[in-house]
Amino acid sequence: MPALPLDKLQLTERDPKTGKLRTLPALHPEIKADRSFVLYRPPPVVRDPALVEEFLERAKFIADDLNWLLALPHDKFWCQVIFDETLQKCLDSYLRYAPRKFDALLDCHPEVNDMQKCLHRSVFLTFLRMSTHKESKDHFITPSVFGEIIYNNFLFDIPKILDLCVLFGKGNGLLLQKMIENIFTQQPSYFSDLDETLPTVLQVFNNILHKCGLQCEGASAEPQKLEEKVNVTPGNMPLQELKDIVLYLCDTCTTLWAFLDVFPLACQTFQKHEFCYRLASFYELAIPELESAIKKRHYEDNSRENIQPFIEEFLQIFTSVLQERRFLRDYDELFPVEDDVSLLQQASSTLDETRTAYILQAVESAWEGVDRRKAQVIKDPTPLAASNGASAIVESTAEDIEELGAAYASEDECAGAAAAPIAKVSGVELDSLISQVKDLLPDLGEGFILACLEEYSYNAEQVINNILEDKLVPYLDKLDRTMQRQLKPDPTPLVTSRYNVFQNDEFDVFSRDSVDVSRIQKGKRREKDTTRSLLNDKRLVAEQKERYSQYSVIVEEIPVQQGEAQLYKEDYEDEYDDTYDGNQVGANDADSDDELISRRPFTIPQVLRPKGQEEGLEEEEEDEEEEEEAEKERTKDHFVQDPAVLRERAEARRLAYLARKGHKHDSSAVVGNVKGHGQNRETVQERRKKEANKSTRANHNRRVMADRKRNKGMIPS
């Protein structure tokens, strides 16, 4: 059986008063739960603990109630939405007081921000479910009945839809678009409501113009009272009133933009009332005035309050030091006071002209009777220039002034109010700035424009404004306005002036027209020869044959006679031959005959031998190898000798040395007999002598030996 829509569904329940069964429609006021929703209030402006706690408690109640509402079944949810007036008031209060993105940024507590995000999500999900007529196959409402329900019970209206767009349009655009399209599709009466609402929106623009003392061309002509005079403008109206107008205008424009962005089908209704023409006319009249008023108020309220104390302090300091004539001359030569005063005049419109004129006159009088020379501004950095860019170096005839200027130039200088360091602009950017000024003022020379740009930090708008209003600094006023720009000669091109190790080589494309491309190798060179081709290449073997053939001249092969061959075939006698042991010929020679005179017979390498000789000479080579090994064993020099032999040799040398000195020492007398058996007279004398003379040997005379080494220069003193 197909499920019935909610508007046709009947529920059977027991009457709580009589206890009898009764049938009620699914949408009935008695099914509504008895629950009261509290109203929403915006987050506190200040971090007052009491206000924060109050907001968190109220927002927690609202969030819990909305979560309970979203968890209800389909029929009970709609009964609560339709018949609970406190729910509608709660949702309306949130749409009205929820913070917009153009509101002032509040320094809210982190818990306040988290609760606000949670509540924001719950409200959006509630409106999203209220705009859905079919949740599933079993839970739905007839589309026509759904349209009547939301329209007749004022669940949605044009102001609510506008607030929904401005609050939830960013980040939820797709869901919000489907939601509003469903509302306008199921209930077309909202189009007529929108058509009736637009004259009220346009009247908002007229009211803003009226408050600002302006009049729109398309506005309705109302009779003006004779005694009524329009004296209020955005520039002279109270600050709070100006703030209210600006916020009201921002709220209206942002809401309309968000609505048309989410629901573009409404553009046709807006176009019926010539909204574009009225908006363009309003923008042309109101926005420039409001912008100018905001900038002026911002400058007066912030900049002037910040700058005015410093200006007053500057004037006070100069007024108090006017009698110090030498100081004024030196200061004015380094940092011209006239330039500083001109800069202050541009920064503040309330500068006291009388005091500034008095200060400038006092500075001029300080130069009376002294040759005044202007400080030269250094354009190019020199070794004497400061690292942060000094503005001037004094050029004076007096020697002490020159030394003072050099000292200032070699340190990091604070170059006064008129000489702040600026970023250098050159190349295409500088040409663009010059052409920007020259397009509006074609009679000016590029050199004069360049000087003005350097003075005003390369701000083309400020240069144009000061030239038109005749507010240039004094030294720029004295320049020739047709002065042309001096172009610097181009440096030598890199190609013609380069010098390196590859100059004029075979691959230098700057000095030759053609290059041998076959000589150019990109990457690792691949060898085309294979292993087989390398093995078959016998050129090296042929070269070595010729080389070894020359060695055969030194040692020739001696042919062996038929009878003498028996001598070489006899077995080797292993018994030692002592026939010539008695002859000591050459016994004391340092070098033996075997090492210097004997020479191994020349042997042809096996690679170079003929094929017939290879087999016959194998046995001779084996015999020769055995003889060489035996010879090596006989003449082998053992690098590590026997320690016992070394000790015996050392003891023999020591005894021979003592014998030559005539010293006879018998250590047995010192040792004596076994302990406990008594010692003889000789042992006692030897022990006494050893005790008395022990400092002459061993390690008992270290100080004497150290002095001896120091005297010889072995230890640095």
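Residues numbered from 1 in each chain as written. Predicted model: local features only at pLDDT ≥ 70, side-chain atom pairs only at ≥ 80, totals over all residues. Heavy atoms only, no water.

A.B. asks: Can you help me understand a negative patch on the surface in this one?
C.D. replies: On the surface, a cluster of negative charge is made up of Glu 624, Glu 625, Glu 626, Glu 627 and Glu 629. Tracing the backbone through its elements, the reader meets Glu 624 in helix 26 (residues 618-634). The class for Glu 624 is partly exposed, based on a relative accessible area of 30%. (Patch = residues over 30% accessible without salt bridge, like charges linked within 9 Å, V, L, I, M, F, W, Y side chains within 5 Å. Areas by Shrake-Rupley, 256 points an atom, 1.4 Å probe, with all protein chains shown as cover. Salt bridge = Lys/Arg side-chain N within 4 Å of Asp/Glu carboxyl O. Lys, Arg positive; Asp, Glu negative; His and termini not counted. Charge placed at Lys NZ, Arg CZ, Asp CG, Glu CD. Helix = DSSP H or I, 4+ residues; strand = E, 2+ residues; numbered from the N terminus. Buried < 20%, exposed > 50% of the residue type's maximum accessible area, 1.4 Å probe, protein only.)

A.B. asks: Help me understand the packing of helix 4 (residues 110-130) against helix 6 (residues 158-168), please; the structure alone is not making it clear to me.
C.D. replies: At a minimum axis distance of 12 Å, the contact between helix 4 and helix 6 shows a crossing angle of 135°. Judged by the inter-axis angle, helix 4 sits oblique to helix 6. The crossing of helix 4 and helix 6 is left-handed. Contacts between helix 4 and helix 6 involve His 120, Val 123, Phe 124 and Phe 127 from the first element and Leu 164, Leu 167 and Phe 168 from the second. Here the contact of helix 4 with helix 6 is composed, by residue class, of 6 nonpolar, 1 polar and no charged. (Axes fitted to C-alpha atoms, helices over the stretch in contact; angles between N-to-C directions. Parallel < 35°, antiparallel > 145°, perpendicular 65-115°, else oblique. Left-handed = near helix turned anticlockwise from the far one by under 90°. Contact = heavy atoms within 4.5 Å. Nonpolar A, V, L, I, M, F, W, Y, C, P; charged D, E, K, R; others polar.)

A.B. asks: Just checking my understanding: could you explain the nonpolar core for this structure?
C.D. replies: A general tendency of soluble globular proteins is for nonpolar side chains to be buried together. Residues Trp 78, Phe 127, Phe 156, Phe 168, Leu 176 and Phe 259 are the most contacted members of the largest nonpolar core, which totals 78 residues. If one sorts the elements of this core by residue count, helix 8 (residues 189-211) sits on top with 9 residues. Other than its neighbours up to four places away in sequence, Phe 259 contacts Ile 161, Leu 162, Cys 165, Phe 184, Leu 194, Ala 266 and Phe 270. (Core = buried A, V, L, I, M, F, W, Y, C linked by side-chain atoms within 4.5 Å.)

A.B. asks: Which parts of the structure should I look at to understand the packing of aromatic side chains?
C.D. replies: Here the distance between the centres and the angle between the planes together describe a pair of aromatic rings. What the rule picks out here adds up to 20 aromatic pairs. An angle of 55° between the planes, with centres 5.9 Å apart, marks the rings of Phe 184 and Tyr 190 as tilted. As far as the burial class goes, Phe 184 and Tyr 190 line up, both buried. Pairing Phe 184 with Phe 191 gives two aromatic rings, centres 4.8 Å apart and planes at 65°, and the pair type is edge-to-face. When its relative accessible area of 2% is taken as the criterion, Phe 184 is described as buried. Clustering of aromatic rings is evident, with ring pairs tying together Tyr 151, Phe 184, Tyr 190, Phe 191, Phe 205, Phe 259, Phe 263, Phe 270, Phe 275 and Phe 282. The ring of Trp 68 is capped by Arg 35, whose NZ or CZ atom sits 4.4 Å from the centre of that ring. (Phe/Tyr/Trp six-rings, centres within 6.5 Å; stacked < 30°, edge-to-face > 60°. Lys NZ or Arg CZ within 6 Å of the ring centre and 35° of its normal.)

A.B. asks: Explain the pairing of strand 1 (residues 10-14) to me, please; I cannot follow it from the model alone.
C.D. replies: Two faces, one strand: in a regular strand the side chains alternate between the faces of the sheet. As paired elements, strand 1 and strand 2 (residues 21-25) share 5 bridges and run antiparallel to each other. Each bridged residue has a counterpart across the sheet, and for Thr 12 the counterpart in strand 2 is Thr 23. Where strand 1 hands over to strand 2, the hairpin turn is made up of 6 residues, of which Gly 19 adopts a positive phi near 80°. (Pairing = 2+ DSSP bridges.)

A.B. asks: Which parts of the structure should I look at to understand unusual backbone geometry?
C.D. replies: The phi angle of most residues is negative, glycine excepted, and most peptide bonds adopt the trans form. The residue Glu 274 is not glycine, and still its phi comes out positive at about 55°. Looking at Glu 274, the relative accessible area reads 48%, which means it is partly exposed. Here Tyr 458, not a glycine, exhibits a phi torsion of approximately 60°, which is positive. Within the secondary structure layout, Tyr 458 lies in the loop between helix 17 (446-455) and helix 18 (460-468).

A.B. asks: For this particular structure, what's the right way to read the side chain of Arg 129?
C.D. replies: Here Arg 129 shows up in helix 4. Reaching out from Arg 129, the side chain makes a polar contact with the backbone oxygen of Leu 70 at a distance of 2.7 Å. When near neighbours in sequence (up to four residues on either side) are disregarded, Arg 129 contacts Leu 69, Leu 70, Ala 71, Leu 72, Pro 73, His 74, Phe 77, Trp 78 and Glu 135. (Polar contact = N/O pair within 3.5 Å; in protein donor to acceptor, adjacent residues only side chain to side chain.)

A.B. asks: Can you walk me through the pattern of salt bridges in this structure?
C.D. replies: A side chain of one charge can pair with a side chain of the opposite charge when the charged atoms of the two come close. Tallying each qualifying case throughout the model produces 16 salt bridges. We note a salt bridge from Arg 35 to Asp 65, for which the minimum N-O separation is 3.1 Å. Of the two residues, Arg 35 sits in the loop between strand 2 and helix 1 (49-70) while Asp 65 sits in helix 1, which places them 30 residues apart along the sequence. Judged by relative accessible area, Arg 35 falls into the partly exposed class, the value being 31%. The class of Asp 65 is buried, set by a relative accessible area of 9%. Ionic pairing is found between Asp 330 and Arg 326, a salt bridge with its closest N-O pair at 3.3 Å.

Functional significance is not addressed by these values, which are geometric in nature.
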